[in-house]
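Take a look at the letters that make up each chain.
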Amino acid sequence: MRKATLIYLLNNQDQICLCMKKRWFGQWKYNWPWGKLKDWETSEQCILRELQEETWVKLDTDSIVHRWNIKFYFENKDDRNQEVSIFISHYNGDLKETEEMKPYRIDISQIPYDDMREPDRHWLPRILQSDDMIQYDIFFDIDAKLKNMKKIK
């Protein structure tokens, strides 16, 4: 199972950083900084690298908190299965557009779920409502449509 990371950047005005994905998987949908681990990386190193590559934001490991885990399972496509470590951090600095992402600060109460990938609409609100460590297993059918979602913890 591939390992990946993603991070929610929050600020002091109850806003979250969402990024318009400009290319590849999920193009023209809102997303957040994320990426797959390189062989030599820890989850923390990966998310800090991806955050800088996708938004020009530099953080250190002391400013991020590992909060949740999600495992994604794709029917008949085991090579796409991934275990995602989700981090959270508070950040009030500038966000900059890159070739891959255009970041925005969006009020948490105004998250544009209709402009996100379908599964994100289901699990993101649940995660944002909890400070507890949570793990979900999310299953997709052969067409990568949400099939089932199970809360593990």
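The coordinates are above.
What you are looking at is a predicted structure, and each value in this text was computed from that prediction instead of being measured. (Residues numbered from 1 in each chain as written. Predicted model: local features only at pLDDT ≥ 70, side-chain atom pairs only at ≥ 80, totals over all residues. Heavy atoms only, no water.)

A. Molecular detail of the environment of W68. Looking at the element boundaries, W68 is found in strand β5 (residues 65-74). Taking the C-alpha atoms as reference points, W68 and K102, 34 residues apart in sequence, are found 24 Å from one another. Ignoring anything within four residues of it in the chain, the contact list for W68 reads Y8, V84, S85, I86, I88, I127, S130, D132, M133 and I134. (Helix = DSSP H or I, 4+ residues; strand = E, 2+ residues; numbered from the N terminus. Contact = heavy atoms within 4.5 Å.)

B. Up close: helix α1 (residues 43-55). Between the first and last C-alpha of α1 there are 18 Å, a value that for 13 residues agrees with the 18 Å anticipated at 1.5 Å per step. Each element contacted by the buried residues of α1 is listed here: β1 (2-10), β2 (15-21), β4 (34-36), β6 (82-90) and β7 (101-107). Count one or two residues on from α1 and you reach W56, which has phi positive near 65 degrees. (Expected span 1.5 Å × (residues − 1).)

C. The arrangement of unusual backbone geometry in detail. Backbone geometry at N76 places phi at a positive 65 degrees, although glycine is not the residue there. For N76, the location among the structural elements is in the loop between β5 and β6. Of note in this structure, A144 is not a glycine but carries a positive phi near 65 degrees. Tracing the backbone through its elements, the reader meets A144 in the loop between β8 (134-140) and β9 (146-151). On the accessibility criterion, A144 (28% relative accessible area) is partly exposed. (Buried < 20%, exposed > 50% of the residue type's maximum accessible area, 1.4 Å probe, protein only.)

D. Spotlight on helix α2 (residues 118-128). Every buried residue of α2 is accounted for by P119, D120, W123, L124 and I127. When α2 is viewed along its axis, its buried side chains cluster within an angular range of 110 degrees and face the same direction. Buried positions along α2 lie against β1, β5, β6, β8 and β9. (Arc of directions from axis to C-beta.)

E. Region of interest: the nonpolar core. In this structure, Y8, I86 and W123 are the most contacted members of the largest nonpolar core, which totals 27 residues. When residues no more than four places from it in sequence are discounted, the contact partners of W123 are L6, Y8, W32, I70, F72, I86, I138 and M149. Formed by 13 residues, the second largest nonpolar core is a distinct cluster that contains L9, L48, L59 and I64. (Core = buried A, V, L, I, M, F, W, Y, C linked by side-chain atoms within 4.5 Å.)

F. Spotlight on the pairing of β1. Buried residues dominate β1, accounting for seven of its nine residues. Where β1 and β4 come together, three bridges link them in antiparallel fashion. Residue pairing for β4: L6 is matched across the bridge by W34. (Pairing = 2+ DSSP bridges.)

G. Just the pairing of β2, in detail. A large share of β2 lies buried, amounting to seven of its seven residues. Here β2 shows no split at all, with Q15, C17, C19 and K21 on one side and I16, L18 and M20 on the other all buried. Examined bridge by bridge, β2 and β7 share seven bridges and lie antiparallel to one another. Each bridged residue has a counterpart across the sheet, and for C19 the counterpart in β7 is P103. Where β2 and strand β3 (residues 30-31) come together, two bridges link them in antiparallel fashion. Pairing of C19 across the sheet is with N31, part of β3.

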